[in-house]
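Here's the letter readout for the chains.
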Amino acid sequence: MGEVPPLTGLYQKYCAKGFEFFIVYVREAHPGENFPHHTSFDQKLDHAKKMRELDQVRLPVLVDDVEGSTHKAYGLLPNMVYLIERKGTIVYKSDWTDARELEGMCESLIRLDEMKAREVPIIRQGISERLHWIPMDPKHRERIYRRSGEKAIRDYLNARGHLPYATDAEKAKAGS
Amino acid sequence: MSYRADKKVLRYLNKGGKVKTIDYYNHESFGQCDLAAPDFWSVAKVGTPAPKFTLSSLDGAKVSLAHFIGKKHVLLEFGSIT
């Protein structure tokens, strides 16, 4: 999960202002002994319920089908965020939850609602691109991987050549 | 290793030359998911209509994006336990 607590704050702030927030539960990114890969919808639903407990999710949770149809349609990354404007147009997408950026986007849609209410003419739709930086908390990362199981840590090490919760210095050492 | 992707599964030859079939979507091990990752930026682009979905809530109710069109702004965060 990207950032549950900040998203919960935004949910509480914006759900009364014309927004619906959902968590879409998808495949396990790092399957391990405790949370293996999905083989049936019932198992996936059960995992989704456990996620709600473990991460104390307050937002409504939706469960994708076992083939990942919705996950694939939206790009398959593990922690994507999308904001869809009332008419159904995607106005924001991100490969990670940046709550501050997301708050700015929610405010932008509120301004759009106000412009429409006041019948302010709109010249055109503008578009922005940006980079953002995702902070890494090794302790948090280690906790997430350990709750999946040793297998998840081993698999990450095999795939990437360093531990999932290695700092930059430790990664450089592993690569040298 | 050599790979051949199709819609549902991905087959690969391991070092011993044995053909192995895996479900690349519900991968058993992290690393296998890299074999057929789509380009996040080439699908569901900003400015285009959001892909439609009907999904189950935890209590079994069906929730469709179509239900909110014209009514609410919708935020989606994708996630899993691990």
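Here's a quick rundown of the structure.

Once that is clear, we can look at the overall build of chain B. Along the backbone of chain B there are zero helices and six strands. Helices and strands in chain B line up, N terminus first, as β-β-β-β-β-β. When the 82 residues of chain B are sorted by exposure, 26% land in the buried category. Contacts in chain B between residues at least 24 apart in sequence constitute 9% of all its contacts with a sequence separation of at least 6.

Residues and elements named next belong to chain B. Structurally, Thr48 can be placed in the loop between β3 (19-22) and β4 (54-57). When the 11 C-beta atoms within 10 Å are taken as the criterion, Thr48 is described as exposed. Put simply, Thr48 and Lys62 are 14 residues apart on the chain and 24 Å apart in space, counted from C-alpha to C-alpha.

A separate point is the pairing of strand β6 (residues 73-79) of chain B. Most of β6(B) is tucked away, with seven of its seven residues classed as buried. Burial of the side chains of β6(B) extends over both faces: B:His73, B:Leu75, B:Glu77 and B:Gly79 are buried on one face and B:Val74, B:Leu76 and B:Phe78 on the other. The pairing of strand β3 (residues 81-84) of chain A with β6(B) spans four bridges and is antiparallel. Bridge assignment links A:Ile84 to a residue of β6(B), and that residue is B:Val74.

Reading guide: rules and limits
- Residues numbered from 1 in each chain as written.
- Chains lettered and ligands numbered in written order.
- Predicted model: local features only at pLDDT ≥ 70, side-chain atom pairs only at ≥ 80, totals over all residues.
- Helix = DSSP H or I, 4+ residues; strand = E, 2+ residues; numbered from the N terminus.
- Buried ≥ 20, exposed ≤ 12 C-beta atoms within 10 Å, placed from the backbone.
- Contact = placed C-beta atoms within 7 Å.
- Pairing = 2+ DSSP bridges.

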